[in-house]
Amino acid sequence: MAENSILNLMISHHALIDALFSLFRDEVREKSPRARASLSELDWELKKHWFAEENAIFNFLPLKNIEIWKTINHLKDEHLTMLNDLKKFSESLLEIKGNEIENFYKLLEDHRATEEKDLYPKLDKELREEQKAQIISRINEIPINT
């Protein structure tokens, strides 16, 4: 069952994103010349991750369960908020304040917790094995740096 787990696959994606964020945060604090490259890599991996979620998972699901539907809409809204934050970071990299980065991280962590505690375990439980296999196959078509 674990090899057909949406949760396990997405946890590995989340670990990569967390590592990239930590690198970016450290480089911004140190005013490192690598901060822009780190932000670019974080931005790219987040966009691929969100694409996978929204197109391989969210849009694939039959939304009969109102709780899951509400969770997905909430997560999509958070994707947009984080996308806007990343754009602001890119436009004013030298002016980013520590609290802005920490607020972004809090949102990222809350978002991750919602997915890992509320959404993906439900999907792993409620979806048929064929459905999960199709979702996992689609996600794996999107190269994520691991």
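Let us look at the packing of aromatic side chains. One pass over the full model with this rule turns up 5 aromatic pairs. Relative to F24, the ring of F21 lies with its centre 6.4 Å away and its plane at 65°, an arrangement referred to as edge-to-face. Of this pair, F21 and F24 both sit in helix α1 (residues 6–29), 3 residues apart, which is roughly one turn of the helix. For the residue pair F21 and F24, the accessibility class agrees, reading buried in each case. With a centroid separation of 5.9 Å and 20° between ring planes, the pair formed by F21 and F104 is classed as stacked. On the criterion of sequence distance, the pair formed by F21 in helix α1 and F104 in helix α4 (residues 98–126) is long-range, its members being 83 residues apart. Accessibility classification places F21 together with F104 in one group, the buried group. When the ring centre of Y105 is taken as origin, the NZ or CZ atom of R25, which lies over that ring, is 4.9 Å away.

Our focus in this paragraph is the confidence of the model for the protein chain. Close inspection of predicted coordinates is inappropriate for parts of the model with low pLDDT. When pLDDT is averaged across the protein chain, the result is 91; 96% of the residues are at 70 or more. Of all secondary-structure elements in the protein chain, the lowest mean pLDDT belongs to helix α5 (residues 129–140), at 92, while α1 reaches the highest, 95.

Moving on to α5. Counted at 1.5 Å a residue, the expected span for α5 with its 12 residues is 16 Å, and the 16 Å between its end C-alpha atoms agrees. Residues Q131, K132, I135, I136 and I139 constitute the buried set of α5. The arc that holds the buried residues of α5, viewed along the axis, is 130°, so those residues lie on one side.

This part takes up the pattern of salt bridges. Evaluation of the coordinates by the stated rule reveals 11 salt bridges. We note a salt bridge from K48 to E45, for which the minimum N-O separation is 3.1 Å. Here K48 and its partner E45 are both found in helix α2 (residues 35–58), 3 residues apart, which amounts to about one turn of the helix. For the pair K48 and E45, a shared accessibility class is recorded, and that class is buried.

Quick look at the packing of α1 against α5 now. Two numbers describe how α1 lies on α5: the axes approach to 10 Å, and their chain directions differ by 20°. For the element pair α1 / α5, the angle class is roughly parallel. Judged by the twist between their axes, the crossing of α1 over α5 is left-handed. Residues I6, L9, M10 and H13 of α1 form the contact with α5, whose participating residues are K132, I135, I136, I139 and N140.

Cut-offs used in this document
Residues numbered from 1 in each chain as written. Predicted model: local features only at pLDDT ≥ 70, side-chain atom pairs only at ≥ 80, totals over all residues. Heavy atoms only, no water. Phe/Tyr/Trp six-rings, centres within 6.5 Å; stacked < 30°, edge-to-face > 60°. Helix = DSSP H or I, 4+ residues; strand = E, 2+ residues; numbered from the N terminus. Buried < 20%, exposed > 50% of the residue type's maximum accessible area, 1.4 Å probe, protein only. Lys NZ or Arg CZ within 6 Å of the ring centre and 35° of its normal. pLDDT = per-residue confidence, 0-100. Expected span 1.5 Å × (residues − 1). Arc of directions from axis to C-beta. Salt bridge = Lys/Arg side-chain N within 4 Å of Asp/Glu carboxyl O. Axes fitted to C-alpha atoms, helices over the stretch in contact; angles between N-to-C directions. Parallel < 35°, antiparallel > 145°, perpendicular 65-115°, else oblique. Left-handed = near helix turned anticlockwise from the far one by under 90°. Contact = heavy atoms within 4.5 Å.

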